[in-house]
Amino acid sequence: MPPQTRRVLRFVAPRTVSVETEPRPDPGPGEVLVETALTAVSPGTEKLVYRGEAPSTLAADPEITALEEGLDFPLTYGYAAVGEVVRLGADVPPRWRNRRVFSFQPHVSHFVASPDALLPIPDDTSDIDAVLIPNVETAVNFCMDGRPMIGERVVIYGQGTVGLLTTSLLSRHPLGALYTVEPDPDRRARSEARGADRSFAPTDDSNLREALDLRHADAPPASEAGYEGADLIFELSGQPDVLNQALAVAGYDGRIVLGSWYGTRRAPIDLGGRFHRSRVSIVSSQVSTVRPAYEGRWTKDRRMDAVLDILPTLSPGALASEPAPLEEAGRVYEELDREEGGALQPVFRYD
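Computed from a predicted model, the values in this text were never measured in an experiment.

Basis of the calculations
- Residues numbered from 1 in each chain as written.
- Predicted model: local features only at pLDDT ≥ 70, side-chain atom pairs only at ≥ 80, totals over all residues.
- Heavy atoms only, no water.
- Pairing = 2+ DSSP bridges.
- Helix = DSSP H or I, 4+ residues; strand = E, 2+ residues; numbered from the N terminus.
- Axes fitted to C-alpha atoms, helices over the stretch in contact; angles between N-to-C directions.
- Contact = heavy atoms within 4.5 Å.
- Parallel < 35°, antiparallel > 145°, perpendicular 65-115°, else oblique.
- Nonpolar A, V, L, I, M, F, W, Y, C, P; charged D, E, K, R; others polar.
- Salt bridge = Lys/Arg side-chain N within 4 Å of Asp/Glu carboxyl O.
- Buried < 20%, exposed > 50% of the residue type's maximum accessible area, 1.4 Å probe, protein only.
- Phe/Tyr/Trp six-rings, centres within 6.5 Å; stacked < 30°, edge-to-face > 60°.
- Core = buried A, V, L, I, M, F, W, Y, C linked by side-chain atoms within 4.5 Å.

A.B. asks: Got a minute to help me understand the sheet that holds strand β10 (residues 198-200) in this structure?
C.D. replies: The strand order across the open sheet formed by six strands is β10-β9-β8-β11-β12-β13, and the pairing between neighbours is parallel. Edge strands, defined here as strands with exactly one partner in the open sheet, are β10 and β13 (281-284). With strand direction ignored, the average angle separating the axes of adjacent strands in the sheet is 20°. Relative to strand β9 (residues 177-181), strand β8 (residues 153-157) runs parallel, the two sharing five bridges. Looking across to β9, one finds that I156 is bridged to T180. Where helix α5 (residues 185-193) meets the sheet, it contacts β9 and β10, and its direction lies at approximately 160° from that of β10.

Structure representation (structure tokens):
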């Protein structure tokens, strides 16, 4: 009898992917075999991987066991999988049999994992919502790193999936204003539907500046004349040149949370007068870790508990495209690679 097989998506060269068949692994002691139902594409990161713009010397994600290898070709990638436990290894409690689970795994039809690496999916959570758990976790992490305060003006650059989920979360805060900047008109409409006071096109910079009451080349401290500029800015566009746009609208002592990963591309940052004199802070935000200042109170597990509590109220699956068969991965990444009007949130299905 031929061995059981599985399908694996591989990035084999810049802008080239293939779906390959290989022997299916068997669960060892303390492991389970999961049959995948859906995997979600990480649009920003996987676009860099697909284009060959991810640093090859960097580990894919040292915090995720399935992604400990580097980013040089050929490689498997992805970190959002939903499926069902179909086999138990020795010493695994029977309660895991047939459980619906989420795991940080690449695009593959079957995988072996320890139960410690699996997150049971609540019965009232759909597969399409569950597969976007990492996006919601990232949005939660951005909010934690940004520390929004009552009455602040907030601007978000980029309304991809994570940008829209961040907008959804921030709209629940008692802010003074919540503005977003996004070139795609459909995404701007989604942004306002998810709670943005207004979503601006990048070409509408004059109206954004007016909304932020920007009057001076250098942002002065708050005074009787008021406060000008944004208190808090999230750069989530994935475009290096947007960081300068964020700096240009930051108010005095404003905070810029840099959630984009530019890969091998370089950001031409203007650290001249406005940045220097206005005491603007740029904060790196990355979901693999918890902000060091919070580590006495927060762990990744506690943050994930918060994500699962919030998940049903955000309906992240509404942002996903109709799931495509894994065999159509080439077409999906070609669409994602478009500079304008690319896919918002691709998902693969495993029939």
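A.B. asks: It is not clear to me how the packing of helix α1 (residues 43-51) against helix α10 (residues 329-336) should be interpreted in this structure. Could you clarify?
C.D. replies: Think of two packed helices as two axes; the pair is described by the angle between the axes and how far apart they sit. Between α1 and α10, the least distance of the axes is 10 Å, while the angle of their chain directions is 105°. Here α10 runs roughly perpendicular to α1, going by the angle between their axes. Of the residues in α10, those touching α1 at P43, E46, K47 and Y50 are G330, Y333, E334 and L336. Residues that form the contact of α1 with α10 fall into these classes: four nonpolar, one polar and three charged.

A.B. asks: Can you walk me through the pattern of salt bridges in this structure?
C.D. replies: If the charged atoms of two oppositely charged side chains come close together, the side chains can form a pair. Tallied over the full model, the rule gives 19 salt bridges. Measuring nitrogen to oxygen at the nearest pair gives 2.7 Å for the salt bridge that ties E22 to R6. Here E22, found in strand β2 (residues 16-23), pairs with R6, found in strand β1 (residues 5-13); they are 16 residues apart in sequence, far enough to count as distant. Taking relative accessible area as the criterion, R6 reaches 18% and is therefore assigned buried. Here the salt bridges do not stand alone but share partners, grouping R6, R10, E20 and E22 into one network.

A.B. asks: Got a minute to help me understand the packing of aromatic side chains in this structure?
C.D. replies: The description of an aromatic ring pair rests on the distance of the ring centres and on the angle between the ring planes. Overall, the coordinates contain six aromatic pairs when judged by the stated rule. Ring geometry for F11 against Y333: centres 5.3 Å apart, planes inclined by 70°, an arrangement best described as edge-to-face. You can see F11 sitting in strand β1 and its partner Y333 sitting in helix α10, a full 322 residues away along the chain. The exposure classification of F11 matches that of Y333, with both residues buried. Ring geometry for Y179 against F200: centres 5.7 Å apart, planes inclined by 75°, an arrangement best described as edge-to-face. On the criterion of sequence distance, the pair formed by Y179 in strand β9 and F200 in strand β10 is long-range, its members being 21 residues apart. Residue Y179 is classed as buried on the basis of its relative accessible area, which comes to 13%. Among the residues examined, F200 registers a relative accessible area of 1% and is labelled buried.

A.B. asks: Got a minute to help me understand the nonpolar core in this structure?
C.D. replies: Soluble globular proteins tend to bury their nonpolar side chains together. Among the nonpolar cores identified, the biggest contains 42 residues, and I133, V154, L170 and F234 are the most heavily contacted of them. Broken down by secondary-structure element, the contributors of at least two residues to this core are β3 (32-40), α3 (133-146), β8, α4 (161-170), β11 (230-235) and α9 (300-314). With seven residues, α3 is the largest single contributor of residues to this core. Those residues in contact with I133 that lie beyond four places of it in its chain are F102, L119, M304, V307, L308 and L311. Y179, L212, L214 and Y262 belong to the second-largest nonpolar core, a separate cluster that totals 21 residues.

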